[in-house]
Amino acid sequence: GSAEPVCLRDGVGEDSKYAKAWALFFSKFIDAYANHGIDFFGVTVQNEPEFPAPWDACAFDAKSQRDFIANHLGPRLAKSNPNT
């Protein structure tokens, strides 16, 4: 197996099924809060950049974070959560 978390195993390029699913999770998370009257003005890709988590975690470097936003999160939020 790979030591890299599943969320990054196939990268964050346009064809990454894991990155696409992660962006969809963000969107559904925002929708769930909105259903309870809580709106978001923004989100971050990760809470503690470059934190060496001792568990299976998505530790994006600056380039991966940029590519995830450009290829997946940005387009998903623009489509489904344009005010975020």
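Shown above is the structure to which this text applies.
Here is what the cut-offs are and how they apply
- Residues numbered from 1 in each chain as written.
- Predicted model: local features only at pLDDT ≥ 70, side-chain atom pairs only at ≥ 80, totals over all residues.
- Heavy atoms only, no water.
- Helix = DSSP H or I, 4+ residues; strand = E, 2+ residues; numbered from the N terminus.
- Expected span 1.5 Å × (residues − 1).
- Contact = heavy atoms within 4.5 Å.
- 1 Å grid on protein atoms, 1.4 Å probe; cavity = no way out; pocket = protein on both sides within 12 Å on 5 of 7 lines; lining within 4 Å.
- Points joined across faces, edges and corners; volume = space filled by probe spheres on them.
- Nonpolar A, V, L, I, M, F, W, Y, C, P; charged D, E, K, R; others polar.
- Bend = angle between axes of the 7 residues up to and from the residue.
- Buried < 20%, exposed > 50% of the residue type's maximum accessible area, 1.4 Å probe, protein only.
- Core = buried A, V, L, I, M, F, W, Y, C linked by side-chain atoms within 4.5 Å.

Topic: helix 2 (residues 17–34)
Taking 1.5 Å of rise per residue, the 18 residues of helix 2 would be expected to cover 26 Å, and the 26 Å separating its terminal C-alpha atoms lies within 8% of that figure. If you follow the buried residues of helix 2, they end up packed against helix 3 (62–80).

Regarding the layout of surface pockets
Empty space within the largest pocket amounts to approximately 190 Å³. Lining the largest pocket are Gln 46, Asn 47, Glu 48, Glu 50, Phe 51, Ala 53, Trp 55, Ala 57, Cys 58 and Ala 59. Classifying every residue of the lining of the largest pocket by side-chain character gives 6 nonpolar, 2 polar and 2 charged.

Focus: helix 3
Maximum bend of helix 3: about 50°, positioned at Ile 69. Residues of helix 3 that are buried: Gln 65, Asp 67, Phe 68, His 72, Leu 73 and Leu 77. Residues of helix 3 that are buried make contact with helix 2.

A closer look at the nonpolar core
Residues Val 12, Ala 19, Ala 23, Phe 26, Ile 30, Val 45, Phe 60, Phe 68, Leu 73 and Leu 77 constitute the largest nonpolar core, which totals 10 residues. Elements that contribute at least two residues to this core include exactly helix 2 and helix 3. For this core, the element with the highest residue contribution is helix 2, accounting for 4 residues. Apart from the residues lying within four places of it in its own chain, the contact partners of Val 12 are Ala 19, Phe 60, Ser 64, Asp 67, Phe 68, Asn 71 and His 72.

That's the geometry; what it means functionally is another story.
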